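Architecture at a glance
Take a look at the letters that make up each chain.
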Amino acid sequence: MSTPVRVRFAPSPTGYLHVGGARTALFNWLYARNRGGKFILRIEDTDEARNTETAMQAILDGLRWLGLDWDEGPEVGGEFGPYFQSKRQSIYDAYFAKLEAAGRTYTEENGAVRFKFSREPIMVADLVCGDVHFASTEEPDMTIRRPDGSYIFHFVNVVDDIEMKISHVIRGEDHLSNTWKHIDLMHALGSHPPRYAHIPLILNPGGSKMSKRDEGAAIDSYQKSGFLPDAVFNYLCLLGWTPRSEKEKIDRQELVTLFDAADIHSSNARFDMAKCTWFNAQYLRELAPEALLGAASPFLQSAGIDTGSNTHAAVAVHSVKEKISLLSEIPAWAHYFFREDYPFEEEVITKLKAKTENKALLQAVLDHLPSISDWSESGFTIGIESVAAENKVKPGSILPLLRFALSGQNRGPNVATIAHLIGQESTANRIQRVLTKVL
RNA sequence: GACCCAUUCGUCUAGCGGUUAGGACACAUCCCUUUCACGGAUGCGACACGAGUUCGAUUCUCGUAUGGGUCGCCA
């Protein structure tokens, strides 16, 4: 009972990191961290024709982005390496010889080799699905080696799990039906099978398997659309697993503490982008101004916004934090803090032109501006209140006009906040410009 | 076709024989409010179906239906 926990994520570098694969990695990682075990990354690149270096980097990048660090594997090494199946041929040859010696193989006419099943009933004692019984009598013997001497997934997967002393195999439920074959192979090789935990699949909103066309299928798309890794991490955890906890927003450390493979569900879950986005909004709101600016800067840059010289940049970006759910929304909500040539939304122009007194009110504000000596948010507000009183209107009649003048749009943070951040001079210039050119 | 897994609001789920079947997302309404949001409140909304076991089934058993998966010299 004291065997150390060693789990692995074993992707095949044929494309990108899929959301289902990412969650498999996540559960393995959580299990290892919870039990004080090792999380191993093994690259299953036995199919030369389909594997690429860029695909492998995409997988590594995706795991790193999610904060899933591996204890053994590519770039970090480990005592059971190499961690690329393409570099373990001699190990496989040795195990293959063992199987041959045991009389459990036979060769096809063209040179491919099959593993002779025991044809005994086999039970998979699954941590998630319970005891699953297989008769193992109908299926044809499985091919384990190609005519060219390279090995098939089922064989190398099993050999590596033995060699790397994997204690628990946590993988997608799509592997459950083949697990008896792996156990049969393990027995033939004289090894004890690891514990298995087959986790439910992530389905698209339509209820079928997530494909690369589905929104949210590729992990790098989350980064591109402005998700925070912690939010995606949290959401993915809750797809197929529920902690004994009332809340849903749970930070990484607490998830590690709470995680237990026994609580993993056995039915598939559909992916819901709206809820994932909600999680992101929650995590976004926790970011301090500087952290938010850091996270948002790639998006600001790609929108052509330069925040470098603006000393209020962090505060400005922070002021729209509660308006948005994704980092990618920030440029549209905060661009006017960083440039004077911001656009004016057409429908707002039309609305303002409809009332002739609007122009006079803006002029009154402009005239009053120089007499505001305290350009703090409260100082500005007092100034606006006095303009309102002089013109016998409520501040609520003036503020929307100002918002439009200062930002070009009809939504955003407090007008006082905007005015304070862009400064007194820019405020006057912006009102002046609207008066002469827009209205 | 054979085998395997599953089935609670639209979605994610709680429930582990007796509950007004709870929460979250989404949606709707109201409150707050200079806007947009946040937040708060309320509403909408589910045990796939049929037998059996039981004093009593969402919960246990068996069927049926539906969904998903596996049966590759892909992984």
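Residues numbered from 1 in each chain as written. Chains lettered and ligands numbered in written order. Predicted model: local features only at pLDDT ≥ 70, side-chain atom pairs only at ≥ 80, totals over all residues. Heavy atoms only, no water.

1. Quick look at the overall build of chain A
A tally of helices and strands in chain A yields 18 helices and eleven strands. Scaling as 2.2 N^0.38, a compact globule of 439 residues should have a C-alpha radius of gyration of about 22 Å, whereas chain A reaches 30 Å, well beyond that. Based on the C-alpha atoms only, the size of chain A along its principal axes is roughly 100 × 45 × 40 Å. Residues classed as buried in chain A amount to 51% of the 439 residues present. On chain A, roughly 20400 Å² of surface is accessible, and the fraction owed to carbon and sulfur atoms is 50%. Across chain A, 47 positive and 56 negative side-chain charges occur, with their mean positions spaced 2 Å apart. (Helix = DSSP H or I, 4+ residues; strand = E, 2+ residues; numbered from the N terminus. Rg over C-alpha atoms; globule rule 2.2 N^0.38 Å. Buried < 20%, exposed > 50% of the residue type's maximum accessible area, 1.4 Å probe, protein only. Areas by Shrake-Rupley, 256 points an atom, 1.4 Å probe, with all protein chains shown as cover. Lys, Arg positive; Asp, Glu negative; His and termini not counted. Charge placed at Lys NZ, Arg CZ, Asp CG, Glu CD.)

2. Considerations on the protein's contact with RNA strand B
The full set close to RNA strand B counts 57 residues, and Arg50, Asn110, Glu248, Glu322 and Asn410 are the nearest of them. Looking at RNA strand B alone, sugar and phosphate atoms form 70% of those within 4 Å of the protein. Contacts to RNA strand B include Glu44, whose backbone N or O atom sits 3.2 Å from a sugar or linking oxygen. In the model, a phosphate oxygen of RNA strand B is placed 3.0 Å from a nitrogen or oxygen of the Gly240 main chain. (Near = heavy atom within 4 Å. Polar contact = N/O pair within 3.5 Å; in protein donor to acceptor, adjacent residues only side chain to side chain.)

3. Quick notes on the packing of helix H1 (residues 19-35) against helix H7 (residues 229-237)
Orientation of H1 relative to H7, taken along the N-to-C sense of each, is 85°, at an axis distance of 10 Å. Here H7 runs roughly perpendicular to H1, going by the angle between their axes. Along its contact with H1, which presents Val19, Ala22, Arg23, Leu26, Phe27, Trp29 and Leu30, the element H7 presents Phe233, Leu236 and Cys237. Taken together, the residues of the contact of H1 with H7 sort by class into nine nonpolar, no polar and one charged. (Axes fitted to C-alpha atoms, helices over the stretch in contact; angles between N-to-C directions. Parallel < 35°, antiparallel > 145°, perpendicular 65-115°, else oblique. Contact = heavy atoms within 4.5 Å. Nonpolar A, V, L, I, M, F, W, Y, C, P; charged D, E, K, R; others polar.)

4. Some points on the environment of Met142
Along the polypeptide, Met142 turns up in strand E7 (residues 142-145). When its relative accessible area of 7% is taken as the criterion, Met142 is described as buried. For the pair Met142 and Arg114, spaced 28 residues apart in sequence, the C-alpha separation works out to 5.3 Å. When sequence neighbours within four positions are dropped, the list of residues in contact with Met142 reads Val113, Arg114, Phe115, Phe117, His154, Lys181 and Leu185.

5. Thoughts on the state of the cysteines
Inspection of every chain in the model, using the stated rule, returns zero disulfides. The structure places no disulfide on Cys129, whose sulfur is separated from the nearest cysteine sulfur, that of Cys237, by 19 Å. Sulfur of Cys237: no disulfide; nearest cysteine sulfur belongs to Cys276 and is 12 Å away. Under the relative-accessibility criterion, Cys237 is labelled buried at 0%. (Disulfide = S-S within 2.5 Å.)

6. Let's talk about the pattern of salt bridges
Under the criterion given, the structure shown has 22 salt bridges. Arg6 is the salt-bridge partner of Glu72, the closest N and O atoms lying 2.8 Å from each other. Placement of the pair is Glu72 in the loop between helix H2 (53-65) and helix H3 (89-101) and Arg6 in strand E1 (residues 6-9), with a sequence separation of 66 residues. Judged by relative accessible area, Glu72 falls into the buried class, the value being 6%. (Salt bridge = Lys/Arg side-chain N within 4 Å of Asp/Glu carboxyl O.)

7. Description of the sheet that holds strand E3 (residues 105-107)
The strand order E3-E4-E7 describes an open sheet built from three strands, whose pairing is antiparallel. Every other strand in the sheet has two partners, leaving E3 and E7 as the edge strands with one partner each. Geometrically, the sheet is characterised by an average inter-axis angle of 40° between neighbouring strands, direction not taken into account. With three bridges connecting them, strand E4 (residues 113-115) and E7 associate as antiparallel partners. Paired with Arg114 across the two strands is Thr143, which belongs to E7. (Pairing = 2+ DSSP bridges.)

8. Quick look at the confidence of the model for chain A
For chain A, per-residue confidence averages 93 on the pLDDT scale, and residues scoring 70 or more make up 100% of the total. Taken together, the chains of this predicted complex give a pTM of 0.94 and an interface ipTM of 0.95. (pLDDT = per-residue confidence, 0-100.)

9. A few points about the packing of aromatic side chains
Throughout the structure, instances matching the rule amount to 19 aromatic pairs. Look at Trp29 and Phe233: their rings are 5.8 Å apart centre to centre, the planes differ by 85°, and that puts the pair in the edge-to-face class. Placement of the pair is Trp29 in helix H1 and Phe233 in helix H7, with a sequence separation of 204 residues. With respect to class, Trp29 is no different from Phe233; both count as buried. On the basis of an interplanar angle of 55° and a centroid distance of 4.7 Å, the ring pair of Phe117 and Trp180 is categorised as tilted. Here Phe117, found in the loop between E4 and strand E5 (122-126), pairs with Trp180, found in helix H5 (residues 179-188); they are 63 residues apart in sequence, far enough to count as distant. Judged by its relative accessible area of 2%, Trp180 falls in the buried class. An aromatic cluster of three or more residues is present, and its members are Tyr222, Phe227, Tyr235, Phe271, Trp278 and Phe279. Between Lys87 and the ring centre of Phe84, over which it is positioned, the NZ or CZ distance is 4.7 Å. If you follow Arg252 out to its NZ or CZ, it ends over the ring of Phe233, 4.1 Å from the centre. (Phe/Tyr/Trp six-rings, centres within 6.5 Å; stacked < 30°, edge-to-face > 60°. Lys NZ or Arg CZ within 6 Å of the ring centre and 35° of its normal.)

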